[in-house]
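Here are the chains, one letter per residue:
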Amino acid sequence: MDNQETQPKKIRIGWFSFSCCEDNTIVMTEVMNDHWQEWKKLFDFRHARVLKSVNTMDEMDIAFVEGAIASDKQAQELKEIRQHAKKLVAVGACAVMGMPSAQRNYFNEDQQKQIDFLLARFSALPKVLKVSEVVPIDAEIPGCPMDPNDFLTKVNALVAEFQGGKV
Ligand code: SF4
């Protein structure tokens, strides 16, 4: 007789950071500290540089994206993430609204001239974009940084969707 329990399929997670201070990542790891026992049974972190050195870009159930999009390279990476993710969640004000990472969008002409060489050096986009200006998003968690309770509520709602077979 086979005594092995059938393990429920884990939810495949990606966590990605673009132009930002990465405080949402800190908040996520703090929430994880409190929930690691449930999360290790529930989640398969496919791609999360903050948690592991070897990362895989393949099919994900949920991709969390923090930070604003400041270059064409970042926009291409975000599009690739979108292609691999069933759900994409923008986390933190920079991802949701562009600000505060998008401060240069509001520079006057003189300030703009002073940073032109940097934009050229880093192949930056003329304007910094919020995530939804590049790809469609399924949910957003605002805040600078995000509120841990809001994050947990939205994570739990997504888990319930996956477990209920709605995704
Ligand atoms: S939203 Fe605020 S806290 Fe979050 S990455 Fe941007 S600057 Fe940092």
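Position labels on residues start from 1 in each chain and follow its written sequence. Thresholds applied to this predicted model are a pLDDT of at least 70 for local features of residues and 80 or more for the giving and counting of side-chain atom pairs; totals over whole chains, interfaces and linings are not thresholded and use all residues. Think of the side-chain values as coming from all heavy atoms in the structure, minus any hydrogens and water.

Under the annotation held in an unreviewed UniProt entry, the protein carries the name NADH:ubiquinone oxidoreductase-like 20kDa subunit domain-containing protein and is attributed to candidate division WWE3 bacterium RBG_19FT_COMBO_53_11.

Attention now moves to the packing of aromatic side chains. Under the pairing criterion, centres of Phe, Tyr and Trp rings, with the six-membered ring standing for Trp, must be within 6.5 Å; the plane angle then separates stacked pairs below 30 degrees from edge-to-face pairs above 60, leaving the rest tilted. Within this structure, the stated rule accounts for six aromatic pairs. Ring geometry for tryptophan 39 and phenylalanine 151: centres 6.4 Å apart, planes at 75 degrees, overall edge-to-face. With tryptophan 39 in helix 1 (residues 23–42) and phenylalanine 151 in helix 5 (residues 148–163), this pair connects stretches of sequence that are 112 residues apart. The class of tryptophan 39 is buried, set by a relative accessible area of 4%. Taking the centre distance of 6.1 Å and the plane angle of 80 degrees together, the rings of phenylalanine 43 and phenylalanine 45 count as edge-to-face. Burial classes follow relative accessibility: with a 1.4 Å probe on protein chains only, a residue under 20% of its type's maximum area counts as buried, one over 50% as exposed, and anything between as partly exposed. Residue classification places phenylalanine 43 among the buried residues on the basis of a relative accessible area of 6%. You can call phenylalanine 45 buried: its relative accessible area is 16%. By the ring-pair criterion, three or more aromatic residues cluster together here, those being Trp15, Trp39, Phe43, Phe45, Phe64 and Phe151. A helix here means a DSSP run of H or I that spans at least four residues, while a strand means a run of E at least two residues long, and both kinds are numbered starting from the N terminus.

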